[in-house]
Amino acid sequence: ILVPPPPQRGTYQYIVRVQPLGGKPEAKRAGPSPRRDHDRMGRAVEFTIHAEVEYPYIQISDLRADSVSCQPLSMVWAQCQVDAVNELFQGEVAHTEREFQAAIGIDQKKKLVKELTPFQFNFGTAAAGSQPTILNVALSNPGHLPAQFLFQFPKDLTLEKAPSWCDERIAAANEEAHFDWVEEHRIYEVEPREGTIPPGGFIFVRFTYHHINVGTHLLPVVFNVLQGRSALIYMKAHSTPPNVGRLSVRSQRIEMTPVAIGVEEGPMQVVEVTNNGVVQAPWRIEGSSIEELRANNYGFEILKVFPDSGVIEPNSSTYLHLWFTPVEAKEYHCPLQIEMLRDGRPVEELVFEVSMRGFDDRIEPIPQLITSFPSTLPVQTYAPVPNFGAALSVEHLDFGRASLRSLTSRVCVLVNYTPDWVLNFQWRARDLLRSSKELRIEPQEGQLGPGDHELILFTVQGMSGPFSIAGEVACYMHWTHVAEFRDEDQIAMHEESGVQEEILVEHKDHVHEPGYSKKDFVALEHVSVANRLTVSRFRNLMSTAAGQKFLNENLHRTALLSSHMAPRRVHAHPESGGVVTLTATGASGVSGAILSGEGPKPPSSFPLFVRIMAQVLPMDEEPEKNGSLVVEEALPRQAEIEEVELPPVPEEERAPVPEDIAGALLSALLEDALGAPEIPSLVDSMLEIAQTPCFTQFHPSPPPSPRTLAEPGAEQEETRAVEEEELSDEEPLGENPWHSPLSLDFDDDFSLPILQQPPKKTDGQSQRKTVFYSGAGTQPQIPEASVPSDGVNWDSFKCVGARVLQEYILSTIDEAVGGGVAFAAGRSTDRRIDSPGR
């Protein structure tokens, strides 16, 4: 069955009718008969064919950079126009793209390539001579057909060895000559250039840019999905001189979150400034535009920037803090100019525009936070990236909107998935907020073994004022091979042996640098000159037959590369199996030590970034402090509450219940509860399951209750002195593996109410005073005004309760990630917690 080719993707339905043409032979009759013809043709049969028409297409699911400059995922995603590329490949195949893939002649391909949709892959900026900038692009195939892709460079569209009489490069434009030079010197590399992705599969394509010389380098590459779409990608990168800095922002136009009019000061917002150079970049804000904005708005300070000067370290970034306070509901625009300084004078300028808007909150609701993050960013790594060894469970943390002095926490998991490398990590906020107390990261630094994980807790608290931020914090990493931990005991013994280090002296001709043994990569101990193969000793040994024999027998085992014999070149021969040889030539012209090959290559140390979005705004009314903790979701809505008229309560029934009646009632309830037949079995099962507690709180101590006691007499003081003497004679307890906030084992920054001797009565009235105990000492420090009149400190109770719940949630997540807790159908099936103190 032949059907016409479908014009585009979709579901097609074809109706096929089969009509038989043959029949039984009949005698010829005069004249035609329609009935006789119908009978001769027979009965027709119809059936339907449904077809799902597709063509191969791909999507960029992830993009990870590896470079010396600070390029998080959100920045590289926008620089490479990933959203636009994905949108193109999701669309219909254009007629020009079909003609380009079907074209055979070189001239026709060159003509059609200019009509393809162009995109740009910006590799960013780094200093010349830096390590290559690598973009690991994850190409996935979400369709039902295998996708075969192909990258075509400019040389692929021309003859490989064109004769001189038809060499077009002689008369080519400067742009094409630049493309030829970039391709000939292999400034850019793409691996692999072609491949096939099965349905539902993916592949990582590695784009590499080499910082060979100073300047901007461009190279067009055609990206084809065979029998699908084609696009023209311009790879672009810039290399700066190695002795200058380079400041940049993410966009030439920064849009800030709108602020309501009538506020004393708007919330703090941030703008990221990056230094892509390899030297420090001193800078300052040129404030003429800010003063002009102030003068045009009746002298009000519309925009405030802090800090107005500073120094950005090489290949790092910082955040400028901006306060926008509108006086009218309108648009504001202010160009900001940052001057990079050298010797106190400006040598380079960075200019960008800040766009702001004021609104009336009586008419408009509070708008959402405006960010520079694309909405399509992946929240986690799509797949393990080649040459990477760590990943985060989630890379986007939205803290929502909270009020001042409130605590909001989010958690993510840092994983080391390498088999033989130890990860040393350190988190840096990069001045995202004004104080380290407003954004706490716990743990701030640490170490992860192979295959291990760590829960990272992020806590945001508005203490210095409202803010509305969208920025990123970085996790810097350093890798250590597990083999380097094997000789730690030997290193410690060597340090304790008291071996004195050799005193270095300075020669006239050169600086005498210490040499190190290449045998032990862990110790790296200093090698004395007496045991070092110097040029003079090498000449002395080569002058005699015995010395030459000694060198022939021991050079490969005992020779040490001295500072006098600097290595000239590091190279590997293909025949040697990848062994790297370090050669040094002395005055005699004989090559020096040949050392063994390099160790295993560590994973990439490019930082991991977490996107932080948070709004802390002042609230008009604080929540009422009552005697109950209510979950907000459990509160019924006002529309769901039915008004019910209760009967009036007689006056005599409003009197308080007598104490004897209440005590008798509670005693009866307690006797009934404890007298149940299942109570003994429940207690026995609890004792069998639970471990024996060893809390120090079981020693005599005041009860944790803010009750007021009578003034103790002489007998009570004597009893307390005897108890303290008994406690001092007891043996100290061993290490306690338990940790329970419910048993008052709190940190120093939490406080709980305890009993204290009340003051003496004055003017015939008893004065109640409740103070609080801090875990660090025994002297109460909280004033009387912090305790409500009902005698219960609900703020402290809520704080401790939140901490207990938080630790339980973190412990459960940690066990779930580690495989100790199994979850099924949204509920935990194994509630075992191996480490109660975690």
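Let me begin by describing the structure that accompanies this report. Every chain begins its residue count from 1, and numbering advances along the sequence as written. For this predicted model, a pLDDT threshold of at least 70 governs which residues receive local features, and a threshold of 80 or more governs which side-chain atom pairs are given and counted, while totals over whole chains, interfaces and linings are taken from all residues. Note that water and hydrogens are dropped before the side-chain values are worked out from all heavy atoms of the structure.

Quick look at the overall build of the chain now. Along its length, the chain carries 14 helices and 38 strands. The cut-offs for exposure are 20% and 50% of the maximum accessible area for each residue type, with area from a 1.4 Å probe on protein chains only; residues under the lower value are buried, those over the upper are exposed, and the others partly exposed. Looking at the 838 residues of the chain, the share that counts as buried comes to 35%. Within the chain, counting contacts between residues at least 6 apart in sequence, those at least 24 apart form 74% of the total. For the chain, the accessible area works out to roughly 52,300 Å², and carbon and sulfur atoms hold 53% of it. A run of H or I in DSSP becomes a helix once it reaches four residues, and a run of E becomes a strand once it reaches two; helices and strands are each numbered from the N terminus. Contact definition: two residues touch when any of their heavy atoms are within 4.5 Å. Under the convention used here, a 1.4 Å probe and the Shrake-Rupley method define accessible areas, while residue burial counts only the protein chains that appear.

In summary, the pairing rule links any two rings of Phe, Tyr or Trp, Trp by its six-membered ring, whose centres are within 6.5 Å, and it sorts them by plane angle into stacked for under 30 degrees, edge-to-face for over 60 and tilted for everything else. Considering all chains together, one arrives at 14 aromatic pairs under this definition. Ring geometry for phenylalanine 123 and tyrosine 209: centres 6.2 Å apart, planes at 50°, overall tilted. Placement of the pair is phenylalanine 123 in strand β4 (residues 118–127) and tyrosine 209 in strand β9 (residues 202–209), with a sequence separation of 86 residues. Residue class for phenylalanine 123 comes out buried when judged on its relative accessible area of 1%. For the pair phenylalanine 324 and tyrosine 332, a centre-to-centre distance of 5.5 Å together with 65° between the ring planes defines the contact as edge-to-face. Phenylalanine 324 sits in the buried class, given a relative accessible area of 0%. With relative accessibility at 2%, the residue tyrosine 332 sits in the buried group. Each residue in the set Phe89, Phe121, Phe149, Phe151, Phe207 and Phe223 is aromatic and connected to the rest through ring pairs, giving one cluster.

Moving on, we come to the environment of proline 450. Within the element layout of this structure, proline 450 appears in the loop between β27 (445–448) and β28 (453–461). Those residues within four positions of proline 450 in sequence are excluded, and the remaining contacts are Asn416, Thr418, Pro419, Asp420, Trp421, Val422 and Val482.

Between helix α4 (residues 95–102) and helix α5 (residues 106–113), the least distance of the axes is 9 Å, while the angle of their chain directions is 155°. Considering the angle they form, α4 stands roughly antiparallel to α5. Remark: the crossing between α4 and α5 carries left-handed chirality. Packed against α4, whose contacting residues are Thr96, Glu99 and Phe100, the element α5 presents Lys109, Leu112 and Val113 at the interface. Classification convention: Asp, Glu, Lys, Arg as charged; Ala, Val, Leu, Ile, Met, Phe, Trp, Tyr, Cys, Pro as nonpolar; all other residues, Gly among them, as polar. Class assignment for the residues of the contact of α4 with α5 results in 3 nonpolar, 1 polar and 2 charged. In this analysis, axes come from line fits to C-alpha atoms, helices being fitted only over the stretch in contact, and the angle between any two N-to-C directions falls in the range 0 to 180 degrees. Our angle categories are set so that under 35 degrees counts as roughly parallel, over 145 as roughly antiparallel, 65 to 115 as roughly perpendicular, and the remainder as oblique. What makes a crossing left-handed is the near helix being turned counterclockwise from the far one by less than a right angle; a clockwise turn instead makes it right-handed.

What follows concerns the nonpolar core. Of all hydrophobic cores here, the largest spans 44 residues; its most connected members are Leu63, Phe123, Tyr188, Phe207 and Met235. When near neighbours in sequence (up to four residues on either side) are disregarded, leucine 63 contacts Leu73, Val76, Trp77, Cys80, Val82, Leu135, Asn136 and Val137. Counting residues in each nonpolar core, the second largest holds 34 residues, with Val270, Leu448, Phe458 and Ile469 among its members. To form a nonpolar core, buried Ala, Val, Leu, Ile, Met, Phe, Trp, Tyr and Cys residues must be joined to one another through side-chain atoms within 4.5 Å.

The omega torsion of the bond from glutamate 191 to proline 192 falls at -10°, within 30 degrees of zero and hence cis. Examined against the element boundaries, proline 192 turns out to sit in the loop between β7 (188–191) and β8 (194–197). The omega torsion across phenylalanine 306 and proline 307 is -5°, close enough to zero to call that bond cis. In this structure, proline 307 sits in the loop between β17 (303–306) and β18 (309–312). In this structure, asparagine 315 is a non-glycine residue whose phi angle is positive, near 50°. By the secondary structure assignment, asparagine 315 is in the loop between β18 and β19 (316–324). In the Ramachandran plot, aspartate 343 falls in the positive-phi region, its phi being about 60° despite a non-glycine side chain. With relative accessibility at 72%, the residue aspartate 343 sits in the exposed group.

With that settled, consider the sheet that holds strand β6 (residues 147–152). Taken together, 5 strands build an open sheet; the order of strands is β4-β11-β10-β6-β8 and the sheet is mixed. Both outer strands of the open sheet, β4 and β8, are each paired with one neighbouring strand and no more. For this sheet the average axis-to-axis angle between neighbouring strands, irrespective of direction, equals 20°. Pairing of strand β10 (residues 215–225) with strand β11 (residues 230–240), which is carried by 10 bridges, proceeds in the antiparallel orientation. Within β11, the position partnered with leucine 218 by the bridge is lysine 236. The rule for pairing is simple: two strands pair if DSSP sees at least two bridges between them.

Strand order in the open sheet formed by 4 strands is β3-β5-β9-β7, and the pairing between neighbours is antiparallel. Of all the strands in the sheet, just β3 (59–66) and β7 have a single pairing partner and so form its edges. Each strand axis lies, on average, 20° off the axis of its neighbour in the sheet, ignoring direction. Bridge count between β7 and β9: 4 bridges; the pairing is antiparallel. Bridged to glutamate 191 within β9 is arginine 206.

This part takes up the side chain of threonine 257. Looking at the secondary structure, you find threonine 257 in the loop between β13 (253–255) and β14 (259–260). Each polar contact in these results corresponds to two N or O atoms within 3.5 Å; when the atoms are within protein, one needs to be able to donate a hydrogen and the other to accept it, and residues that are neighboring in sequence are counted only if both atoms are side-chain atoms. In this structure the side chain of threonine 257 is engaged in a polar contact, spanning 3.1 Å, whose partner is the backbone nitrogen of isoleucine 370. Not counting chain neighbours up to four residues away, the residues in contact with threonine 257 comprise Gln269, Gln368, Leu369, Ile370, Ser468 and Gln615.

On to helix α7 (residues 288–295). Because each turn of an α-helix spans 3.6 residues, side chains separated by three or four positions in sequence point in the same direction. Buried within α7 are the following residues: Ser289, Ile290 and Leu293. Take α7 and look down its axis: the buried residues cluster within an arc of 100°, on one side only. Turned more than 90 degrees away from the buried face of α7, the exposed residues are Glu292 and Ala295. In this structure, the buried side of α7 is in contact with β16 (281–286), β17, β20 (331–342) and β21 (345–359). The arc in question is the one spanned by the directions pointing from the helix axis to the C-beta atoms.

What follows concerns the side chain of glutamate 189. By secondary structure assignment, the location of glutamate 189 is in strand β7. Here arginine 186 takes part through its side chain, which lies 3.1 Å from a polar atom of the side chain of glutamate 189. If we skip the residues at most four places from it in the chain, glutamate 189 touches Arg206, Phe207, Thr208 and His210.

This brings us to a nonpolar patch on the surface. Patch rule: a residue counts if its relative accessible area is over 30% and it has no salt bridge; like charges are joined within 9 Å, and nonpolar side chains (Val, Leu, Ile, Met, Phe, Trp, Tyr) within 5 Å. Should a side-chain nitrogen of Lys or Arg be within 4 Å of a carboxyl oxygen of Asp or Glu, the pair is scored as a salt bridge. Together, Val18, Val45 and Phe47 make up a nonpolar patch on the protein surface, roughly 240 Å² of accessible area in all. Counting through the fold element by element, valine 45 comes out in strand β2 (residues 45–53).

Turning next to the pairing of strand β34 (residues 608–617). Looking along a regular strand, one sees side chains alternate from face to face of the sheet. β34 sits mainly inside the fold: 10 of its 10 residues count as buried. Alternating positions in β34 separate into two faces, Leu608, Val610, Ile612, Ala614 and Val616 on one and Phe609, Arg611, Met613, Gln615 and Leu617 on the other, with burial throughout. As paired elements, strand β29 (residues 467–481) and β34 share 9 bridges and run antiparallel to each other. Bridge pairing in β34 places serine 468 opposite glutamine 615.

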